Amino acid sequence: MSRVAVATCRENAHDPDGPILMAALDAGGVDATMAEWDDPAVDWDDFALVVIRSTWDYASRRDDFLAWASSMHHLLNPYGVVEYSSDKHYLADLQSLGLRIVPSHFCDVGMEPEFFDGDFVVKPSIGAGSRDARRYTEVDHDEARLHVAQLHAKGRDVLIQPYVDAVDTEGERALIFIDGEFSHAMRKGAMLNVHELDRSALFRLDQMSLAHDEPDAVHYAQRVLAAKGFSHLLYARVDLVRTDAGWAIMELELVEPSLFLTYNKEAPSKLTRAIKQRLN
């Protein structure tokens, strides 16, 4: 048995990576099927390998998602990595290892929020994309407290960070690694400068562009992955932002990150080869 399942969700209609990956797998002779992770009709035992890709709805159902992931015998990325990277409390762990992160206050359910001076961001510690994330100014504390209370009422822990001005000028950097090797980098423009309802899939795609390789950013991303033994994963994305002190970690995307395969013509075949190696 050498079939591969590419795990997705019902919301995958706007995933440009999906068709490209499936075409590359087919061209590489891999018998691959795209399947929704929570579809009870899928017999996961029929597959030799399950590759998580666009399971974008996991954030609101993390317990269910982790239960499913833990039941997979051959999962990529592995279950331990998925569990770790699906809750942004990992930022505190990375900081404890001496890595630079965007300063973060964790406001778990039952705690009172502590806001940074100037503009700041409130977002759930378990979340995907910019959903439920909002930017506030120093005069918006009452509105921000209400946002925190609304998330807490849903049982969701909260992450509060200062807004990094470089996002508006330089953008974030998303550094993509395939089979442990740096593949390409993306520039992510500001996402929180419009109302959340206006952050459509098309808007988010319009904010992305290919970035020039920046050796210092690549080196720092490699250091981040090495610190946790994540240097040889099937795929990884490290999102960084430039601060006065240097590059800082915004997010460590190891569960279902967009890999922006449309921006690098070699990336789909690299990912296919890495999947085939793991099949063997």
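Residues numbered from 1 in each chain as written. Predicted model: local features only at pLDDT ≥ 70, side-chain atom pairs only at ≥ 80, totals over all residues. Heavy atoms only, no water.

Chemist: Would you mind going over the overall build of the chain with me for this structure?
Modeler: Looking only at helices and strands, the chain features 9 helices and 13 strands. At 19 Å, the chain has a C-alpha radius of gyration in line with the 19 Å of a compact globule built from 280 residues. Seen through its principal axes, the chain has C-alpha atoms that stretch 60 × 40 × 35 Å. Counting all 280 residues of the chain, 52% fall into the buried class. (Helix = DSSP H or I, 4+ residues; strand = E, 2+ residues; numbered from the N terminus. Rg over C-alpha atoms; globule rule 2.2 N^0.38 Å. Buried < 20%, exposed > 50% of the residue type's maximum accessible area, 1.4 Å probe, protein only.)

Chemist: Where do I start with the environment of L159 in this structure?
Modeler: Relative to the assigned elements, L159 resides in strand β8 (residues 158–162). When its relative accessible area of 0% is taken as the criterion, L159 is described as buried. For the pair L159 and D108, spaced 51 residues apart in sequence, the C-alpha separation works out to 8.1 Å. With near-sequence residues (within four places) excluded, L159 lies in contact with K88, L91, S104, H105, F106, V121, V122, K123, P124 and S125. (Contact = heavy atoms within 4.5 Å.)

Chemist: Got a minute to help me understand the pairing of strand β1 (residues 4–8) in this structure?
Modeler: Note on strand geometry: in a regular strand, side chains alternate between the two faces of the sheet. Among the 5 residues in β1, 5 count as buried, and that is most of the element. Residues V4, V6 and T8 line one face of β1 and the alternating positions A5 and A7 line the opposite face, and both faces are buried. Inspection of the sheet shows β1 paired to strand β2 (residues 32–36) by 5 bridges, in the parallel sense. From the neighbouring strand, V6 faces β2, where its bridge partner is M34. Pairing of β1 with strand β3 (residues 49–54) involves 5 bridges; the strand directions are parallel. Pairing of V4 across the sheet is with L49, part of β3. (Pairing = 2+ DSSP bridges.)

Chemist: Teacher, can you tell me more about empty space enclosed by the protein here?
Modeler: It is the rolling of a water-molecule-sized probe over the atoms that shows where space remains empty. Under the counting rule described, the total for this entry stands at 1 cavity of 30 Å³ or more. Lining the largest cavity are 15 residues, and of these D15, D17, G18, R53 and S54 lie nearest its centre. When residues of the lining of the largest cavity are traced back to their parent elements, those giving at least two are β1, α1 (17–27) and β3. (1 Å grid on protein atoms, 1.4 Å probe; cavity = no way out; pocket = protein on both sides within 12 Å on 5 of 7 lines; lining within 4 Å. Points joined across faces, edges and corners; volume = space filled by probe spheres on them.)

Chemist: I'm lost on the layout of surface pockets in this one. Help?
Modeler: Approximately 210 Å³ is the volume found for the second largest pocket. If you go around the second largest pocket, you meet 13 residues; those closest to its centre are A59, R62, I126, G155 and R156. Taken together, the residues of the lining of the second largest pocket sort by class into 3 nonpolar, 3 polar and 7 charged. (Nonpolar A, V, L, I, M, F, W, Y, C, P; charged D, E, K, R; others polar.)

Chemist: Just to check I follow, could you spell out helix α5 (residues 141–153) for this structure?
Modeler: Residues three or four positions apart in an α-helix share a direction because the helix packs 3.6 residues into each turn. With 13 residues, α5 should cover 18 Å at 1.5 Å per step; its first-to-last C-alpha distance of 18 Å lies within 8% of that length. Here α5 has its buried residues at A144, H147, V148, L151 and H152. Down the axis of α5, the buried side of the element spans an arc of 135 degrees, and every buried residue falls inside it. Turned more than 90 degrees away from the buried face of α5, the exposed residues are D142 and A153. Where α5 is buried, its residues contact β5 (105–107), β6 (120–124), β7 (134–136) and β8. (Expected span 1.5 Å × (residues − 1). Arc of directions from axis to C-beta.)

Chemist: How do you make sense of the sheet that holds β3 when you look at a structure like this?
Modeler: Two modes of strand pairing occur in sheets, parallel and antiparallel, and in both the strands are linked by backbone hydrogen bonds. An order of β2-β1-β3-β4 is seen for the 4 strands of this open sheet, with the pairing classed as parallel. A single partner strand is all that each edge strand has here, and the edge strands are β2 and β4 (75–76). Note: β3 against β4, 2 bridges, orientation parallel. Opposite V50, over in β4, you have L75 as the bridge partner. Contacts between α1 and the sheet are confined to β1, β2 and β3, with β2 contributing the most and set at about 150 degrees to the helix. (Axes fitted to C-alpha atoms, helices over the stretch in contact; angles between N-to-C directions.)

Chemist: Help me understand helix α8 (residues 215–227) in this model?
Modeler: For α8, with 13 residues, the first-to-last C-alpha span of 18 Å sits near the 18 Å given by 1.5 Å per residue. Taken as a whole, α8 has its buried residues at A217, V218, Y220, A221, V224 and L225. Looking straight down α8, one finds its buried side chains confined to an arc of 165 degrees; they lie on one side. Exposed residues lying more than 90 degrees from the buried face of α8 are P215 and H219. As for α8, its buried residues are in contact with α4 (90–96), β9 (172–178), β10 (181–188), β12 (235–243) and β13 (246–253). A positive backbone phi angle near 70 degrees is found at G229, which sits one or two residues after α8.

Chemist: What is the right way to look at the packing of aromatic side chains in this model?
Modeler: Geometrically, a pair of aromatic rings is defined through the distance of the ring centres and the angle of the planes. Within the structure shown, the criterion is met by 12 aromatic pairs. Centroid distance W37 to F65: 5.2 Å. Interplanar angle 90 degrees. Geometry classified as edge-to-face. You can see W37 sitting in the loop between β2 and β3 and its partner F65 sitting in helix α2 (residues 62–70), a full 28 residues away along the chain. Taking the relative accessible area as the measure of exposure, W37 reaches 3% and is therefore buried. Here the aromatic rings of F260 and Y263 are separated by 6.3 Å at their centres, their planes lie at 75 degrees, and the arrangement is edge-to-face. We classify F260 as buried; its relative accessible area is 9%. Taken together, the ring pairs in this structure connect W37, W44, F47, Y58, F65 and W68 into an aromatic cluster. The cationic tip of R53 hangs over the ring face of Y235; the distance from NZ or CZ to the ring centre is 4.6 Å. It is R135 that lies over the ring of Y163; its NZ or CZ is 3.6 Å from the centre. (Phe/Tyr/Trp six-rings, centres within 6.5 Å; stacked < 30°, edge-to-face > 60°. Lys NZ or Arg CZ within 6 Å of the ring centre and 35° of its normal.)

This is a description of form; function is not addressed.
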